[in-house]
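Given next are the chains, with one letter for each unit.
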Amino acid sequence: MTAVATLVAAAAVGVAGPAFAAAPPSASADTMTLLPDVTDVADTAAGGGRVFVSATDRVIVADATGAITDTVTGLAGANGLASTPGGDRLYVALYDSGEVAEIDTSTAKVTRKIDVGRRCPRHLALSGSRLWVGYGCESVHEGGALTLDVAAATPTMVGIIDNTFGAPAVAVAGGVLALGETDLHSSVVHVYSVDGQQATERGTIEVPTLNDLALTPDGSLLVVAWGADFLHFAYDTTTLAEVRRYGDSSSAWATAAAFSSDGRHLAAGHRSADGPALVIHDTANGTVVNTANAERGYLVGGAVSFLGNDAFAVMEGAESFWLWRVADATLPASAISLSAPASGTALDPLRITGRLTLADGAAAGVQELQVTRTIPDGTWATLSVTTAADGTFTLTDVPPLSGQIRYDVYWNPTADYQRGTASVTVPVDGRTATLTLGGPSNGRDGSRLSLSGVLGLDGKAPEQPQTLAVTRTIWNNRLDGAVEQLPNVSTDSRGAFTVLDTPSQGGRYVYTVTWHGDSVYASPSASHEVAVTSADSHIAGQVAEPAYIGVPVRVTGAVTYDVGACQGPTVVHVSRRINGGAATRLPDVTTDASCGFGFDDTVGRTGPVTYTVAWDGNSTHRRTTGAISVTVQKQPSFVEATSPDRTLLNGQQAVIEGKVTGLNGESISGRLKLTVQRIGPDGSSVTLPSVTTAADGTFSYRDSPPAMDASTYPQFQYEFSWSGTATYRATTGSVFFYIVPPDCDC
């Protein structure tokens, strides 16, 4: 049977809440903590509720959530770490000084430094009071392993193996010691039985490459991270036979291995850009309990530790290092699936179904789930629901408003399972509001119109007055759907409202009233159309431009109505006003059948000209006048100058023929005086004698340019200018000549 619950907001309500506002404190959440000013990391260790990270010249201390609490400095070459099970003492291999530092973790102080009598200590392992040290500088064949009793005031160093290529990694547990070099391609792992300081070799295991090794707490199983493979291999420490493999060919490069304190789980670290960086296996059968991938960087090899159910590792990327906490890593995962409708409606019940499942296949049983509902402004409310025995559940909620509403469902972690989370967002539509608008279907310009309507919310009037926006759209012969905003109106206690308007012209009027809605109700609108009649008439027209003095200009226009077509022919009266002077009556003009008109007029002066056209009206429409304006200009003029030969030898005359013309290229008659400028090759100008045109506007001119160096082909320009008249604009024309050498084939 599926559990059903109506979700009612609990006391917890907040603003801009987190994804799981109702969740417990973040102790159960993964964390990623930046290690400040760290340039390299060698190892991690955990104990007593603390996590330790060795970083070049210091040890960083973090609490169980991964938050940094302290830093121990003055540890040059800080490398391998080993912690007592209770975490009260931490031992640090000091690669640079050949010492092991002992730290009292309660005070974060170094209590002593023990000289191990060997160079470059790098790896540490602790069993009881006996510390095992792997030492050796890089590539000098002076490496090995030794042991010392840290309980002694002056510990004695007892050698286990020497003359190794580098510093062997060490692991010790349950009377078993394992040593193996990590810098070789094919590496030999030595397995010993240990009793106090005595180590008796059981045998060796050859692996292609070695990145890390780990022993179960009872020493019965050795796991090796093969650097040349994607797998972690497990060996029986008594028979030295391979008994199991963790991972598969789809895994990434194997770089780290660590067992939980009870030995039931193996943390297998991988260097991966996209796959899981950490895989938690069941030690006994190799099944995957959990996988985790950090949000950034690559996992640092060998730097993985367990603290209770949590796994800690160090991630490297972009010249930075982070301490990564995988919360509840040893607990099987749980998952919550959700199925929600495609949409909902504000204030209507919304059903979301889901299921809580456990990774190991066990039945979830009856479980309480916490739910956070977040509305669009970020405000959240805490809800809850209980599953049926098979983990299924149904959330029935009444969304308080419209918009994108997110439901986050959360199951608290238990002693046996990780937390489960899921989220779904449902677009919730606003409720439908009703809006009406009515009134007369016909009206007349200049007469007031009264329209009325009602706004209803689920059949009721709004509790508070609501403001409505009003627009007016007009279609007529002058306006094509022009939209105008009218004053807003407000509803009364019944939700009713009134729109008042006085049309100023005829046409088709569409009034639209809109309520912009609110967080619960969607925005409605309503429209009403009114046909408005008008007796107004209008005259508009234009003058063909350009308009020149003394040249007929064409004036056209029409008599129009706001609505409908003017029927002609009819007569319009015309007057003309020049430069704002007195009006001159012109002959009346008869329109065509559509009341269009046109006439020609010749103006004898320049300046702005306004034609006033008046129509006397008829039985249906009032008299009207219209103004049509244009600016009359002087006519353009042109000086056209040519020469039969524009290349001259020194001493030859320039012969120029020309004429002064107006519109259409016709000569301007009359004796017109032209001034003449000769412009030399250097740009200097000389005024020459003027020339007067013949009665037909033509002229002839001769001049001898000064002698020049013909090899440079100098250019002379003759410029003829006329100052114009009251009818014609001034103008200038030019012709060019070139002085050429006698032998020029020009």
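This is a predicted model, so every value here is computed, not measured.

The rules we used
- Residues numbered from 1 in each chain as written.
- Predicted model: local features only at pLDDT ≥ 70, side-chain atom pairs only at ≥ 80, totals over all residues.
- Heavy atoms only, no water.
- Helix = DSSP H or I, 4+ residues; strand = E, 2+ residues; numbered from the N terminus.
- Rg over C-alpha atoms; globule rule 2.2 N^0.38 Å.
- Buried < 20%, exposed > 50% of the residue type's maximum accessible area, 1.4 Å probe, protein only.
- Areas by Shrake-Rupley, 256 points an atom, 1.4 Å probe, with all protein chains shown as cover.
- Lys, Arg positive; Asp, Glu negative; His and termini not counted.
- Charge placed at Lys NZ, Arg CZ, Asp CG, Glu CD.
- Core = buried A, V, L, I, M, F, W, Y, C linked by side-chain atoms within 4.5 Å.
- Contact = heavy atoms within 4.5 Å.
- Salt bridge = Lys/Arg side-chain N within 4 Å of Asp/Glu carboxyl O.
- Disulfide = S-S within 2.5 Å.
- Pairing = 2+ DSSP bridges.
- Axes fitted to C-alpha atoms, helices over the stretch in contact; angles between N-to-C directions.
- Phe/Tyr/Trp six-rings, centres within 6.5 Å; stacked < 30°, edge-to-face > 60°.
- Lys NZ or Arg CZ within 6 Å of the ring centre and 35° of its normal.

1. Examining the overall build of the chain
If you tally the helices and strands in the chain, you get zero helices and 61 strands. Relative to a compact globule of 746 residues, whose C-alpha radius of gyration would be 27 Å, the chain shows 50 Å and is clearly more extended. The C-alpha extent of the chain, read off along each of the three principal axes, is 140 × 100 × 45 Å. Considering the chain as a whole, with its 746 residues, one finds that 49% of them fall into the buried category. Working note: accessible area of the chain is about 33500 Å², and carbon and sulfur atoms make up 48% of it. Each charge class in the chain was averaged separately, 45 positive and 73 negative side chains, and the resulting centres sit 13 Å apart.

2. Some thoughts on the nonpolar core
In globular proteins that are soluble, nonpolar side chains generally tend to be buried together. Judged by nonpolar contacts, the single largest core of 47 residues is most densely connected at Leu 468, Phe 497, Tyr 511 and Val 513. Contact partners of Tyr 511, with chain neighbours within four places excluded, come to Leu 437, Leu 449, Leu 451, Thr 471, Arg 472, Leu 486, Asp 501, Pro 503, Ala 526, Ser 527, His 528 and Val 530. Ranked by size, the runner-up nonpolar core spans 25 residues in total, among them Ile 578, Leu 586, Val 589 and Val 630.

3. With respect to the pattern of salt bridges
Applying the stated criterion across every chain, the model contains 23 salt bridges. The closest approach of N and O atoms between Arg 472 and Glu 484, which form a salt bridge, is 2.0 Å. Separated by 12 residues along the polypeptide, Arg 472 in strand E41 (residues 467–475) and Glu 484 in strand E42 (residues 480–490) bring together distant segments of the chain. When the shortest N-O distance is used, the salt bridge between Asp 562 and Arg 478 registers 3.2 Å. Residue Asp 562 is located in the loop between strand E48 (553–561) and strand E49 (571–578), and its partner Arg 478 is located in the loop between E41 and E42; the two are separated by 84 residues in the primary sequence. Here Asp 562 falls in the buried class, since its relative accessible area comes to 1%. Its relative accessible area of 45% is what places Arg 478 among the partly exposed residues. Put simply, Asp 348, Arg 431 and Asp 458 are held in one network by salt bridges that share partners.

4. Points about the state of the cysteines
Working definition of a disulfide: a covalent bond connecting the sulfur atoms of two cysteines. Counted by the stated rule, this structure contains two disulfides. Here Cys 120 connects covalently by a disulfide to Cys 137, the sulfurs 1.8 Å from one another. For the disulfide bridge between Cys 120 and Cys 137, the dihedral angle about the S-S bond is near 75 degrees, and by the sign convention the bridge is right-handed. Highlighted residues: Cys 120 in the loop between strand E11 (109–115) and strand E12 (121–127) and Cys 137 in the loop between strand E13 (130–135) and strand E14 (143–149), separated in sequence by 17 residues. The partner cysteine of Cys 566 in its disulfide is Cys 595, sulfur to sulfur 2.0 Å. Around the S-S axis, the bridge from Cys 566 to Cys 595 shows a dihedral of about -70 degrees and counts as left-handed. One end of the pair, Cys 566, is in the loop between E48 and E49; the other, Cys 595, is in the loop between strand E50 (583–590) and strand E51 (596–601), with 29 residues separating them in the sequence.

5. Structural notes on the sheet that holds strand E29 (residues 320–326)
Spatial ordering of the open sheet is given by E3-E29-E28-E27, a layout of four strands whose pairing is antiparallel. Of all strands in the sheet, those bounded by a partner on one side alone are strand E3 (31–34) and strand E27 (298–307). With strand direction ignored, the average angle separating the axes of adjacent strands in the sheet is 20 degrees. Here E3 runs beside E29; their pairing, made up of four bridges, is antiparallel. Counterpart to Thr 31 in the pairing with E29 is Arg 325.

6. Thoughts on unusual backbone geometry
Of the consecutive residues Glu 545 and Pro 546, the connecting peptide bond is found in the cis state with omega at 0 degrees. Along the chain, Pro 546 falls in the loop between strand E46 (537–543) and strand E47 (547–548). In the segment running from Gly 568 into Pro 569, the intervening peptide bond is cis, with an omega of 0 degrees. Relative to the helices and strands, Pro 569 resides in the loop between E48 and E49. The backbone of Asn 163 sits at a positive phi, close to 60 degrees, despite the residue not being glycine. Structurally, the position occupied by Asn 163 is in strand E15 (residues 158–164). Assessed through its relative accessible area of 60%, Asn 163 is described here as exposed.

7. A few points about the environment of Ala 327
Looking at the element boundaries, Ala 327 is found in the loop between E29 and strand E30 (334–339). A relative accessible area of 3% means that Ala 327 is categorised as buried. Counting along the chain gives 106 residues from Ala 327 to Leu 221, while the straight-line C-alpha distance between them is 25 Å.

8. Thoughts on the packing of aromatic side chains
Under the counting rule described, the total for this entry stands at nine aromatic pairs. Ring centres 5.7 Å apart and planes at 80 degrees place the aromatic pair Tyr 701 and Phe 720 in the edge-to-face group. Placement of Tyr 701 in strand E59 (residues 698–703) and of Phe 720 in strand E60 (residues 715–722) is noted, with a sequence separation of 19 residues between them. Each ring, one from Trp 722 and one from Tyr 728, has its centre 6.2 Å from the other, and the planes form 45 degrees; the classification is tilted. These aromatic residues form a ring-pair network of at least three members: Phe 699, Tyr 701 and Phe 720. Above the plane of the ring of Trp 475 lies Arg 508, whose end atom (NZ or CZ) is 4.4 Å from the centre.

9. Brief notes about the pairing of strand E52 (residues 607–615)
Direction of pairing for E49 relative to E52: antiparallel, over a ladder of seven bridges. The residue bridging Val 572 from the neighbouring strand is Trp 615, located in E52. In this sheet, strand E53 (residues 624–633) lies alongside E52 in antiparallel orientation, the contact comprising nine bridges. Bridged to Thr 610 within E53 is Ser 629.

Function-wise, these values are silent; they only describe arrangement.
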